[in-house]
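The primary structure of each chain is shown beneath.
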Amino acid sequence: MNTTTSAVTFNDFGLAEPILRAVTELGYRDPTPIQAQAIPIVLQGRDVMGAAQTGTGKTAGFALPILQRLMAHANASASPARHPVRALIIAPTRELADQIYANVAAYAKHTNLKSAVVFGGVDIKPQLAAMRAGCEVLIATPGRLLDHVEQRTVNLSQVEVFVMDEADRMLDMGFLPDIQRIINLLPASRQNLMFSATFSGEIRKLAESFLRQPVSVEVARRNAAAENVEQLVYRVPDADSKRAAVAQLVRDRQLAQVIVFTNTKIGAGRLARQLERDGLNASAIHGDKSQQERLATLEAFKKGEIVVLVATDVAARGLDIAELPAVINYDLPYSPEDYVHRIGRTGRAGASGVALSLMTGTDERLLDGIQKLIKREIPQQTLAIAGGGRPERGAGAAGERRRDEGAPRPPRPAREPREERAPRPAGRPDARPRGPALPGFSDDPFFFKPYESAPEETAAAAPAEGGAGGGLRRRQASRPVAALLGGKK
């Protein structure tokens, strides 16, 4: 569906005054293409399957019409029964769920509509209190939502609108069984909305299972990357050169903020530590960190206290950093769709951005899959890394480097001849301490002589060596010995 959106404003949507006032306070002037096309359709009560690049305003595209629809139920009552869940929005990650909640709360701040968010990785007790207080709009991750369902702290029987955001990521993360369970808990009569940056065949098959005659809204070519993002691939000699390449790109391009993507959690943590040693203010965010640590790191990155944020795909989904200048793919993603989501972190809301990728000779297959998906070739360059790129082990403080492999070993300097020592005397003299005696210690030669047996001890030991047979005299046991130990039976 394509319509002309140049003359459309938020005033043309018929939004309630409290919602329109909040939108104006947020600085929203002209709706984005996805908003201009989706909002009128959602207001009509139609099911929608919307495809838009990350950062184009999908959240407002479904949140504003949902709030407008629920304005009929807004009330100032403190009773939880007057605030049942009427709109359910599920997201694949904690960060995305929290981001959607922040937007919904901002849009509804002048209304009596309540909103709440629940996700895993944090204490469930504060969420239980929020659920018991009631809310009209609930944003949740699938797993934690089912936890609340099992504890009977949330009732989904009055849901009027069901939204699935980033549906492709939820399928990639294995949430399909949870999604099916959640759908079965919802009323049969409801409005369904599905929004995502990409729509694979599996996503469309899932959409056909619960969407009813959906209106397809696509503001860009299917699975397309953002046109306002400059894409470039740098070839590096090997995987060990990537760390130095990241540090060099950050410094050469004078990047004040950049997200660096890795494929593994271990790799993210290791890279962040290496960049810290290189003098860059870096930190990592991935699934093994607690929610409090991740939120603190994100807040520091948004404030500019962290220059390089190293992240995995799952942890970075839902990040909304205003005017992020660049992203770097330290590892090319295994899934081509993840490339579209990664570079969507920059160039948001019409701004320009840069997406840089590092690749070695073994990454050709991954690059071919990405270019096939986005239907364009990405320019490639060879990156000359200063200092060779490979981190040196055991390098001195002066920056000494190990010799190149295959280079001849430099000759060792000749040893100076050892001084001749005087020969030791044949008889060992009495050992005496060298130098003056220490305070409290005696220098009497008696204490430094070797041990000598007393004459009485030698005479007492002589009878024990003889005997009738010339052998040692057997010692008589002073008490009976057990048979197991050699005694008599």
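So, how was this worked out
Residues numbered from 1 in each chain as written. Predicted model: local features only at pLDDT ≥ 70, side-chain atom pairs only at ≥ 80, totals over all residues. Heavy atoms only, no water. Helix = DSSP H or I, 4+ residues; strand = E, 2+ residues; numbered from the N terminus. Buried < 20%, exposed > 50% of the residue type's maximum accessible area, 1.4 Å probe, protein only. Contact = heavy atoms within 4.5 Å. Arc of directions from axis to C-beta. Axes fitted to C-alpha atoms, helices over the stretch in contact; angles between N-to-C directions. Parallel < 35°, antiparallel > 145°, perpendicular 65-115°, else oblique. Left-handed = near helix turned anticlockwise from the far one by under 90°. Nonpolar A, V, L, I, M, F, W, Y, C, P; charged D, E, K, R; others polar. Salt bridge = Lys/Arg side-chain N within 4 Å of Asp/Glu carboxyl O. Pairing = 2+ DSSP bridges. Right-handed = clockwise from strand over helix to strand, strands pointing away. pLDDT = per-residue confidence, 0-100. Core = buried A, V, L, I, M, F, W, Y, C linked by side-chain atoms within 4.5 Å.

> Describe the overall build of the protein, listing the residues and the values that go with them.
When you go through the protein residue by residue, the secondary structure sums to 16 helices and 14 strands. In the protein, which comprises 489 residues, the share counted as buried stands at 45%. Of the contacts formed within the protein by residues at least 6 apart in sequence, a portion of 73% connects residues at least 24 apart.

> Any details on helix α5 (residues 125–133)? Residues and values, ideally.
Within α5, the full set of buried residues consists of Gln127, Leu128 and Met131. All buried residues of α5 project into a common sector of 105 degrees when viewed along the axis, lining one side. Projecting away from the buried face of α5 at angles above 90 degrees are the exposed residues Lys125, Pro126 and Arg132.

> With reference to specific residues and values, describe the environment of Leu366.
Positionally, Leu366 belongs in helix α15 (residues 364–374). In this structure the C-alpha to C-alpha distance between Leu366 and Pro336, which are 30 residues apart in sequence, comes to 7.5 Å. Among all residues touching Leu366, those that are not within four sequence positions of it are Leu332, Pro333 and Tyr334.

> Residues and numbers for the packing of helix α3 (residues 58–70) against helix α4 (residues 94–107), please.
Look at α3 against α4: their axes get within 10 Å of each other, and the N-to-C directions meet at 45 degrees. The orientation of α3 with respect to α4, classified from their angle, is oblique. As for how α3 packs across α4, the hand of that crossing is right-handed. In this structure, α3 uses Thr59, Ala60, Ala63, Leu64 and Leu67 to contact α4, whose residues at the interface are Ile100, Asn103, Val104 and Tyr107. Taken together, the residues of the contact of α3 with α4 break down into seven nonpolar, two polar and no charged.

> Pulling in residues and values, what's your account of the pattern of salt bridges?
Per the stated rule, a full pass over the model turns up 13 salt bridges. One network of salt bridges, in which partners are shared, links Arg69, Arg86 and Glu160.

> Now, about the sheet that holds strand β7 (residues 215–218): what can you tell me, with residues and values included?
The seven strands are arranged β3-β4-β2-β5-β6-β1-β7 in an open sheet whose pairing can be described as parallel. Because the sheet does not close on itself, it has two edges, and the strands there are β3 (115–118) and β7. Each adjacent strand pair in this sheet contributes to an overall mean axis angle of 15 degrees, direction not counted. Taken together, the five bridges between strand β5 (residues 161–165) and strand β6 (residues 191–196) define a ladder with parallel strand orientation. The residue of β6 that forms the bridge with Asp165 is Phe195. The strands touched by helix α6 (residues 142–150) are β2 (87–90), β3 and β4 (137–140); relative to β4, the strand with the most contacts, the crossing angle is about 120 degrees.

> An account of the pairing of strand β11 (residues 308–311) is needed here, citing residue identities and associated values.
Of the two faces of β11, both are covered, the one formed by Val308 and Val310 as well as the one formed by Leu309 and Ala311. Looking at chain direction, strand β9 (residues 258–261) and β11 are connected through four bridges and run parallel. The partner of Ile259 across the bridge, within β11, is Leu309. The pairing of strand β10 (residues 282–285) with β11 spans four bridges and is parallel. What sits directly across from Ala284, in β11, is Val310. Note that the unit made of β10, helix α12 (residues 291–302) and β11 has a crossover that is right-handed.

> Break down the confidence of the model for the protein for me, citing the residues and quoting the values.
Model confidence for the protein is summarised by a mean pLDDT of 80, while 73% of its residues fall at 70 or above. Below a pLDDT of 50 lies the segment residues 1–5, which in the model reaches 10 contacts outside its immediate sequence neighbourhood of four places, other chains included. Predicted confidence is poor over residues 464–472, with pLDDT under 50, and the contacts of this stretch with residues over four places away or in other chains come to seven contacts.

> So what's going on with unusual backbone geometry? Residues and values would help.
Positive phi, normally seen in glycine, also occurs at Gln213, with a value near 45 degrees. Assignment of secondary structure puts Gln213 in the loop between α9 (201–210) and β7. A positive phi is found at Gln254, a non-glycine position, where the angle reads about 55 degrees. Looking at the element boundaries, Gln254 is found in the loop between α10 (242–252) and β9.

> Give me the nonpolar core: which residues, what numbers.
If you look at the biggest cluster of nonpolar residues, it comprises 41 residues, and the most contacted ones within it are Phe62, Leu64, Ile66, Leu67, Val137, Ile139 and Leu193. It is α3 that contributes the most residues to this core, seven residues altogether. Setting aside residues up to four positions removed in sequence, Ile66 forms contacts with Ala87, Val161, Val163 and Leu193.

> Hey, could you go over the packing of α6 against helix α8 (residues 176–185) for me, with residue numbers and the actual values?
The contact between α6 and α8 brings their axes to 10 Å, and the two run at 45 degrees. Viewed along their axes, α6 and α8 adopt a mutual orientation that is oblique. With respect to the hand of their crossing, α6 and α8 are arranged in left-handed fashion. Residue-level contacts link Pro142, Gly143, Leu145, Leu146, Val149 and Glu150 of α6 to Asp178, Arg181, Ile182 and Leu185 of α8. Across the contact of α6 with α8, the residue classes tally to six nonpolar, one polar and three charged.

> An account of α10 is needed here, citing residue identities and associated values.
Extensive coverage of α10 is indicated by the burial of nine of its 11 residues. Lys242, Arg243, Ala244, Ala245, Val246, Ala247, Gln248, Leu249 and Val250 are the residues of α10 that are buried.

> Report on the pairing of β4, specifying residues and quantitative values.
Burial along β4 is two-sided: the face carrying Val137 and Ile139 and the face carrying Leu138 and Ala140 are both buried. With four bridges joining them, β2 and β4 adopt parallel strand pairing. In the sheet register, Leu88 faces β4, and the bridge partner there is Leu138. Pairing between β3 and β4: four bridges, direction parallel. Looking across to β4, one finds that Val117 is bridged to Ile139.

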